[in-house]
Amino acid sequence: TEVRRHGAENWSLSLEELDALLYARGAYSATNLKLYHMWLNVWGPPVFSQTMGRNRFKEILCYLRFDIKNSRSERLKTDKFALVSETWNTFIENCLFCYKQGQDVTVDEQLFPSKARCNFTQFMANKPDKFGIKFWMLADVKSKYMCNAFPYLGKDELRPEGESLPENVVIRLMEPYLRTGRNVTTDNFFTSFKLAERLKAMQTSIVGAMKRTRNSNSCMQLQRKSAFF
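Residues numbered from 1 in each chain as written. Predicted model: local features only at pLDDT ≥ 70, side-chain atom pairs only at ≥ 80, totals over all residues. Heavy atoms only, no water.

Comments concerning helix H7 (residues 85–97)
Under the convention used in this document: The numbering of helices and of strands both runs from the N terminus, where a helix is a DSSP run of H or I of at least 4 residues and a strand a run of E of at least 2. Given a helix with a known number of residues, its expected span is that number minus one, times 1.5 Å. For every residue, the accessible area obtained with a 1.4 Å probe (protein chains only) is divided by the maximum for its type, and the residue is called buried under 20%, exposed over 50%, and partly exposed between those limits. Each C-beta atom gives one direction from the helix axis, and the arc is the one those directions make. Contacts between residues were defined by any pair of non-hydrogen atoms, one from each residue, lying within 4.5 Å.
The end-to-end C-alpha separation of H7 is 18 Å, in line with the 18 Å expected for 13 residues at 1.5 Å each. Taken together, the buried positions of H7 are Ser85, Trp88, Ile92 and Cys95. The buried residues of H7 all sit within an arc of 85 degrees when viewed along its axis, so they share a single face. Structural note: H7 exposes Glu86, Glu93 and Phe97 on the side pointing more than 90 degrees away from its buried face. Of the surrounding secondary structure, the elements contacted by the buried residues of H7 are strand S3 (131–140) and strand S4 (146–151).

Remarks on the side chain of Arg182
Selection rule: N or O atoms closer than or at 3.5 Å make up a polar contact, with two conditions inside protein: a donor-capable atom paired with an acceptor-capable one, and, for residues adjacent in sequence, both atoms drawn from side chains.
Tracing the backbone through its elements, the reader meets Arg182 in the loop between helix H8 (165–174) and strand S5 (183–186). Only 2.9 Å separates the side chain of Arg182 from the backbone oxygen of Gln101, close enough to count as a polar contact. At 2.9 Å, the side chain of Arg182 and the backbone oxygen of Gly102 are in polar contact. The residues contacting Arg182, other than those within four sequence positions of it, are Gln101, Gly102, Gln103, Tyr177, Gln203, Thr204 and Ser205.

Describing the packing of aromatic side chains
Inclusion rule: Here is the rule: rings of Phe, Tyr and Trp (six-membered ring for Trp) pair when centre to centre is within 6.5 Å. Planes less than 30 degrees apart are stacked, more than 60 are edge-to-face, and the remainder are tilted.
All chains considered together, the criterion is met by 15 aromatic pairs. Look at Phe81 and Phe135: their rings are 6.2 Å apart centre to centre, the planes differ by 75 degrees, and that puts the pair in the edge-to-face class. Taken together, the residues span a long stretch of sequence, with Phe81 in the loop between helix H6 (72–76) and H7 and Phe135 in strand S3 at a distance of 54 residues. The class of Phe81 is buried, set by a relative accessible area of 10%. Relative to Tyr145, the ring of Tyr99 has its centre 4.1 Å away and its plane inclined at 25 degrees; by these criteria the two rings are stacked. Here the residue Tyr99 occupies a position in the loop between H7 and strand S1 (104–113), and Tyr145 occupies one in the loop between S3 and S4, the gap between them amounting to 46 residues.

Some words on the layout of surface pockets
Applied cut-off: The definitions used throughout rest on a 1 Å grid laid over the protein atoms alone, on which a cavity is an enclosed set of points accommodating a 1.4 Å probe that cannot get out and a pocket is an open set flanked by protein within 12 Å on both sides along at least five of seven lines; lining residues are those having an atom within 4 Å of a point. Grid points are joined across faces, edges and corners, and a volume is the space filled by probe spheres set on the points. Three classes are used: nonpolar for Ala, Val, Leu, Ile, Met, Phe, Trp, Tyr, Cys and Pro, charged for Asp, Glu, Lys and Arg, and polar for all others, with Gly counted as polar.
Approximately 2,400 Å³ is the volume found for the largest pocket. Residue lining of the largest pocket: 40 residues in total, with Phe66, Val84, Thr87, Trp88 and Phe135 positioned closest to the centre. Mapped onto the lining of the largest pocket, the elements with two or more residues apiece are helix H2 (15–27), H6, H7, S1 and S3. Here the residues of the lining of the largest pocket are counted per class, giving 24 nonpolar, nine polar and seven charged. Its boundaries defined by the atoms lining it, the second largest pocket holds a volume of some 730 Å³. Lining the second largest pocket are 27 residues, and of these Phe150, Pro151, Leu153, Asp156 and Arg172 lie nearest its centre. Listed by contribution, the elements that provide at least two residues to the lining of the second largest pocket are H7, S4 and H8. For the lining of the second largest pocket, the leading source of residues is H7, giving five residues.

Examining the environment of Ser114
Relative to the helices and strands, Ser114 resides in the loop between S1 and strand S2 (122–123). Judged by relative accessible area, which is 21%, Ser114 ranks as partly exposed. When the C-alpha positions of Ser114 and Ile133 are compared, they lie 6.4 Å apart, and in sequence the two are 19 residues distant. The contact partners of Ser114, leaving out residues within four places of it in the chain, are Thr121, Phe131, Gly132 and Ile133.

Structure follows, in C-alpha cells:
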C-alpha cells in the first residue's frame, strides 16, 4: 500500500533476503553504523553486497509498514502501540515459546533510540541515546536472552488501584514464570517488601537493592524495629 502511494507499481519484496540482512547486521553489531559502511567493497561484509544493493535495502526500509493504515485510527483509540503491536506481540510469543529460561531472571528497562512523533517517546538524560521508546524487559541472567518485554506507553488505565508502577511491571513480566520456583533480580527502582511478599506467595523469590525512602519499605522497617523493643 505504501509503495503504491508513492507511485512505485512494479515493486516486489523478498522477506527472506531482508530478514537475512537484518539478522546479519545485528550479528556484526553494526546497528549503529551508517548503511554505506556495510556495502563498502573493502571493509564491508560480502553478504550485504551479494544479497542486494544498498539503495534497494534503503528503499525496502522506507516502504516497510507493520499495520493497515485504513484501520489505524480506530485501533489507536484502544492501543497506543497499534502501529506495531500485532508484530510485537507475535515476536514476544515466539520468545516465550522458543526458549527454556534458566532458574534466574532479571528485570530492567531499556531505551531504544527513536525520535518518532508519538506521545510515549521518552527523554532520559542518563542514557547514551537521550530520546527513545522505553521498554520494560525480562532477561535470562546466564544467556542474556530476552524472555518477555513490553513498551512503556504512559499512564496505564488498567493498572489496579493501589499497585505501584514498579510492582505492576515485575508482575506482568514474570506472569508466564510464576509458580515455577524461579528467582528474579531487580534494582532499587523495583524492589519493595510488598512485591517480595506477593512473589513469595507465588513461589517466586526476589533479590535486589531497596530504597529506604520508599514508603512501604520504611513502614516495614519500623514494624521490625518495634518487634525488638
